[in-house]
Amino acid sequence: MTYPIRPISEAEWPAFSAVLSEAFGWTPAPLQTERWKAHTEFDRTLAAFDGDTIAGVTAIFSMTMTVPGGALPVAGVTSVSVLPSHRRRGILSSLMRRQLTDVHERGEAVAALYASESAIYGRYGYGRAASELGVTITTSASGFVKNAPHDPELRLRVVTPAQARQDLEKVFAGVVTERPGRYVRDEQFWNAVLADEEPDRDGWNALRGLLAEDASGVRGYALFRIKSRWDDDGIPNGELRVHEIEARDPAAYALLWRGVLDRDLVTKVTAGVPVDAPLTALLANPRQLRAGWSDELWIRVVDVEKALPARSYAAPVDTVIEVEDDVCPWNARRWRLTAGAGSASCTPVEAAPDVTLPVSALGSAYLGDGELGALLDAGLLKEHTPGAVRALATALSWSPKPWAGLVF
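Cut-offs used in this document
Residues numbered from 1 in each chain as written. Predicted model: local features only at pLDDT ≥ 70, side-chain atom pairs only at ≥ 80, totals over all residues. Heavy atoms only, no water. Helix = DSSP H or I, 4+ residues; strand = E, 2+ residues; numbered from the N terminus. Rg over C-alpha atoms; globule rule 2.2 N^0.38 Å. Buried < 20%, exposed > 50% of the residue type's maximum accessible area, 1.4 Å probe, protein only. Contact = heavy atoms within 4.5 Å. Areas by Shrake-Rupley, 256 points an atom, 1.4 Å probe, with all protein chains shown as cover. Lys, Arg positive; Asp, Glu negative; His and termini not counted. Charge placed at Lys NZ, Arg CZ, Asp CG, Glu CD. 1 Å grid on protein atoms, 1.4 Å probe; cavity = no way out; pocket = protein on both sides within 12 Å on 5 of 7 lines; lining within 4 Å. Points joined across faces, edges and corners; volume = space filled by probe spheres on them. Nonpolar A, V, L, I, M, F, W, Y, C, P; charged D, E, K, R; others polar. Pairing = 2+ DSSP bridges. Axes fitted to C-alpha atoms, helices over the stretch in contact; angles between N-to-C directions. Polar contact = N/O pair within 3.5 Å; in protein donor to acceptor, adjacent residues only side chain to side chain. Salt bridge = Lys/Arg side-chain N within 4 Å of Asp/Glu carboxyl O. Parallel < 35°, antiparallel > 145°, perpendicular 65-115°, else oblique. Left-handed = near helix turned anticlockwise from the far one by under 90°. Phe/Tyr/Trp six-rings, centres within 6.5 Å; stacked < 30°, edge-to-face > 60°.

Participant: Just to check I follow, could you spell out the overall build of the chain for this structure?
Facilitator: A count of helical and extended segments in the chain gives 12 helices and 19 strands. Whereas a compact globule of 408 residues would reach a radius of gyration of roughly 22 Å, the chain reaches 23 Å, a difference of no more than 12%. With respect to the three principal axes, the spread of C-alpha positions in the chain is 70 × 55 × 40 Å. Considering the chain as a whole, with its 408 residues, one finds that 49% of them fall into the buried category. Within the chain, contacts between residues at least 6 apart in sequence are counted, and of these 73% link residues at least 24 apart. When the accessible surface of the chain is totalled, it reaches about 18,600 Å², and 50% of it is carbon and sulfur. The centroid of the 42 positive side-chain charges in the chain is displaced by 2 Å from the centroid of its 52 negative side-chain charges.

Participant: What exactly am I supposed to notice about empty space enclosed by the protein here?
Facilitator: One pass over the full model with this rule turns up 1 cavity of 30 Å³ or more. Taken together, F16, W36, T40, E41, A59, F61, T78 and S79 form the lining of the largest cavity. Looking at the lining of the largest cavity, the elements with two or more residues in it are β3 (53-67) and β4 (70-82). Within the lining of the largest cavity, the residues separate by chemical class into 4 nonpolar, 3 polar and 1 charged.

Participant: I would appreciate a short explanation of the sheet that holds strand β11 (residues 238-247) in the present structure.
Facilitator: Neighbouring strands of a sheet are bound in pairs by backbone hydrogen bonds; such pairs are parallel or else antiparallel. Spatially, the 7 strands line up as an open sheet ordered β8-β9-β10-β11-β12-β7-β13, and their pairing is mixed. The strands lining the two open edges of the sheet, one partner per strand, are β8 (155-159) and β13 (289-295). Each neighbouring strand pair of the sheet contributes to a mean axis angle of 25 degrees, computed without reference to strand direction. Sheet topology places strand β7 (residues 131-138) next to strand β12 (residues 266-274); 7 bridges connect them, and they run antiparallel. Bridge pairing in β12 places E132 opposite P274. Seen against the sheet, helix α7 (residues 250-261) touches β7, β8, β9 (208-214), β10 (217-227), β11 and β12 and runs at an angle of roughly 165 degrees to β11.

Participant: Sorry, what's going on with the sheet that holds strand β16 (residues 334-340) here?
Facilitator: Strand order in the open sheet formed by 5 strands is β17-β16-β15-β18-β19, with mixed pairing between adjacent strands. Of all strands in the sheet, those bounded by a partner on one side alone are β17 (343-348) and β19 (382-383). The pairing of strand β15 (residues 317-324) with β16 spans 6 bridges and is antiparallel. Considered in β16, the bridge of D318 is made with T338. Sheet contacts for helix α12 (residues 388-396): β15, β16, β18 (355-358) and β19; angle to β15, the most-contacted strand, approximately 100 degrees.

Participant: What am I meant to see in the side chain of T40 here?
Facilitator: Relative to the assigned elements, T40 resides in the loop between α2 (30-39) and β2 (46-50). Looking at T40, the relative accessible area reads 15%, which means it is buried. Separated by 2.9 Å, the side chain of T40 and the backbone oxygen of W36 make a polar contact. Leaving out residues up to four positions away in the same chain, T40 has contacts with W13 and T45.

Participant: Please explain the pattern of salt bridges as it appears in this structure.
Facilitator: All told, the structure shown has 26 salt bridges when counted by the stated rule. Where R155 meets E213, a salt bridge forms, and the shortest distance between an N and an O atom there is 3.9 Å. Here R155, found in strand β8, pairs with E213, found in strand β9; they are 58 residues apart in sequence, far enough to count as distant.

Participant: What's the story with the packing of helix α1 (residues 13-24) against α2 in this structure? I'm lost.
Facilitator: The description of two packed helices rests on the angle between their axes and on the distance between the axes. For the pair α1 and α2, the least separation of the axes is 12 Å and the interaxial angle reads 110 degrees. Comparing the axis directions of α1 and α2 gives the class roughly perpendicular. The interaxial crossing formed by α1 with α2 has right-handed handedness. Contacts between α1 and α2 involve W13, S17 and L20 from the first element and T33, W36 and K37 from the second. Per-class residue counts for the contact of α1 with α2 are 3 nonpolar, 2 polar and 1 charged.

Participant: Teacher, can you tell me more about unusual backbone geometry here?
Facilitator: Excluding glycine, residues mostly have negative phi values, and the peptide bonds linking residues are mostly trans. Residue P400 is reached from S399 by a cis peptide bond, and omega for that bond is 10 degrees. Structurally, P400 can be placed in the segment after α12. Look at D202: it is not a glycine, yet its phi comes out positive at around 55 degrees. Mapping D202 onto the fold places it in the loop between α6 (198-201) and β9. We classify D202 as exposed; its relative accessible area is 58%. Positive phi outside glycine occurs at L265, with the angle close to 70 degrees. Along the chain, L265 falls in the loop between α7 and β12.

Participant: Got a minute to help me understand the environment of P250 in this structure?
Facilitator: By the element assignment, P250 lies in helix α7. Linking P250 and R390, residues 140 residues apart in sequence, is a C-alpha distance of 32 Å.

Participant: Would you take a moment to explain the side chain of H39 for this structure?
Facilitator: Structurally, H39 is set in helix α2. With near-sequence residues (within four places) excluded, H39 lies in contact with F61, D186, Q188 and F189.

Participant: Got a minute to help me understand the packing of aromatic side chains in this structure?
Facilitator: What characterises a pair of aromatic rings is the spacing of the ring centres plus the angle enclosed by the ring planes. In the structure shown here, the tally under the stated rule is 11 aromatic pairs. Residues F61 and F189 carry aromatic rings whose centres are separated by 5.4 Å and whose planes lie at 70 degrees to one another, so their mutual orientation is edge-to-face. Note that F61 is positioned in strand β3 and F189 in helix α5 (residues 187-193), a separation of 128 residues in sequence. Since its relative accessible area comes to 11%, F61 is described here as buried. With relative accessibility at 6%, the residue F189 sits in the buried group.

So this is what it looks like as structure tokens:
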């Protein structure tokens, strides 16, 4: 069977959102549904129809994302869902292929997503491009190293996050360009970050905030929730969940972490952080930090010729890459990547390749955290010129490691 695919109209939003609710097993509150709708770009939605029934959906947020050395427009893929009654009929594949074609025609060179299931998106050329540590810290053993940064001019101020929105936005705008994968937040993203109605709390207490500031202004902020608990003996055993800690400098970062780790009645702090988060270096007893690794951002290079010159490189490279791509055929050929200080080019060539790789490998490496050497050792790419993979991996690497920090 074939299922016609097209963008939805605003009048079809209830049916579109019903597919999402069914596929994710989630029943949003009306106010959450309205926020979701307000953020939807209807011309960037897609729905697959079985007669009058919407059987599968996907959508895109138009984003500006930080990449190594700069920023570029990125298609933020979201809301990928198929009704349970219509699984294994090719609907997802049709939606993803149509979406990538639309992204290419729009002129965007890169697409990005968070994967609800990590086994899905490699089939469509996405590669795992960023990772996250889910950390748990016992507060009683959370002291910092003796030389942790400290600024006596800094102080903490307790705020209601929604009332401090202007300060939060200003801080974030100052740090968004520092790490690949971060993206500019529009009004609707900030509405989601600061949402604090009962359905948004998920059993936790109200959203709380701290500002780190000196006489010149705000240098960082923390957003968090607390779950108050006492054990049977009346001993406090509360848990604090960090939503965000953003800081413009190391001293503000350290002070904000102390602000959440030293919270009264709290014995455990949890957070999601980049794999190279400075927190891991600040703790005097790093064994008290329990960490679980997970994939975070996935990247799809939609247009190799445009995407590779759009970022900076950590080292010079001059190599011929043969790209395998059965979803976006315009990528499937040999490309000469030449990059040096401040400039890069990517041009189609007929020369023999130094490396042959699937487009998903380029996606995994695009933001600077690809594991091309591991993929070579696993037999998932081919090296025709000795040392070519190491040279390419070095050039594509970046510090700090990529991390988006907010699911879209």
